[in-house]
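# Chains, contacts and geometry: an overview
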Amino acid sequence: MSDFQQLVLKRQSCRDYDADKPIEHDKLVRCLDAARQTPSACNSQPWSVVVVEDPAKLAEVAKATHQLGLNEYDVKARAFFVVLEEYAQLMPKIACLADSQVFAKGDLGAFTYALTLAAEAEGLGTCILGLFDRPKLRELLDIPKSQPIFMVVAVGYPAKDTVRSKVRKPIDAISRFV
Ligand SMILES: Cc1cc2nc3c(=O)[nH]c(=O)nc-3n(C[C@H](O)[C@H](O)[C@H](O)COP(=O)(O)O)c2cc1C
């Protein structure tokens, strides 16, 4: 199995963090450095990230993700990547055919996954959070109303090193070779 395959299998949504183990700032920077290599339409790179490290802010951000009784485990996360959607400058030829943001969500999905893989490579656990109180998060992090918040990623050292097996559709069900 390749190193990449092993990394992909090891990355899993972590819902139990070691609250006593802070994350080295440099590791978070390396995650961003790896994720910014993500490909994007016309190399538009329609992303930016608010990295939450401050303990007081962490608690507030965690609270803003506690929707419908979910995500409460993230009170033990030691960082959050809050991934924002930026304006995508497409090539003029393409821009006249499509809305500037037409590819942005796909680009952002790839970027967010790259963040989680990069974190895994640093020994960090992550969980992508799609459910959160957007107005609250805007207020906490000074994010303007006009700027879409794409996703929140909880980060921390996993409390346990158990790797679950993946539940995924089989290759046959998701592909065909011609
Ligand atoms: C867009 C998106 C939103 C998600 N939102 C949440 C969430 O709000 N809370 C949560 O605990 N997990 C969330 N997840 C994690 C998924 O449940 C998880 O990725 C999926 O079940 C596969 O499991 P794995 O990540 O462990 O391989 C989200 C994942 C994605 C990609």
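Look up a bit, the structure's there.
Residues numbered from 1 in each chain as written. Predicted model: local features only at pLDDT ≥ 70, side-chain atom pairs only at ≥ 80, totals over all residues.

### Considerations on the nonpolar core
Core analysis: the biggest nonpolar cluster contains 39 residues, and Phe80, Val83, Val153 and Val155 have the highest contact counts within it. The set of elements that each furnish at least two residues to this core consists of helix H2 (25–35), strand S1 (47–52), helix H3 (55–64), strand S2 (79–85), helix H5 (104–121), strand S3 (125–129) and strand S4 (149–156). At 6 residues, H5 tops the list of elements feeding residues into this core. When near neighbours in sequence (up to four residues on either side) are disregarded, Val83 contacts Trp47, Val49, Leu108, Phe111, Thr112, Phe150, Met151 and Val153. (Core = buried A, V, L, I, M, F, W, Y, C linked by C-beta atoms within 7 Å. Buried ≥ 20, exposed ≤ 12 C-beta atoms within 10 Å, placed from the backbone. Helix = DSSP H or I, 4+ residues; strand = E, 2+ residues; numbered from the N terminus. Contact = placed C-beta atoms within 7 Å.)

### Focus on the site of the ligand
Surveying the vicinity of the ligand reveals the residues Gln12, Ser13, Arg15, Leu70, Asn71, Cys127, Ile128, Leu129, Gly130, Leu131 and Lys166. Residues belonging to the shell around the ligand are distributed by class as follows: 5 nonpolar, 4 polar and 2 charged. (Near = placed C-beta within 6 Å. Nonpolar A, V, L, I, M, F, W, Y, C, P; charged D, E, K, R; others polar.)

### With respect to the sheet that holds S4
A sheet is described by the order of its strands in space; here 4 strands give the open sequence S1-S2-S4-S3, paired in antiparallel fashion. What marks the edges here is a single partner per strand, and that holds for S1 and S3. Taking each pair of neighbouring strands and ignoring which way they run, the sheet shows an average axis angle of 20°. Taken together, the 6 bridges between S1 and S2 define a ladder with antiparallel strand orientation. (Pairing = 2+ DSSP bridges. Axes fitted to C-alpha atoms, helices over the stretch in contact; angles between N-to-C directions.)

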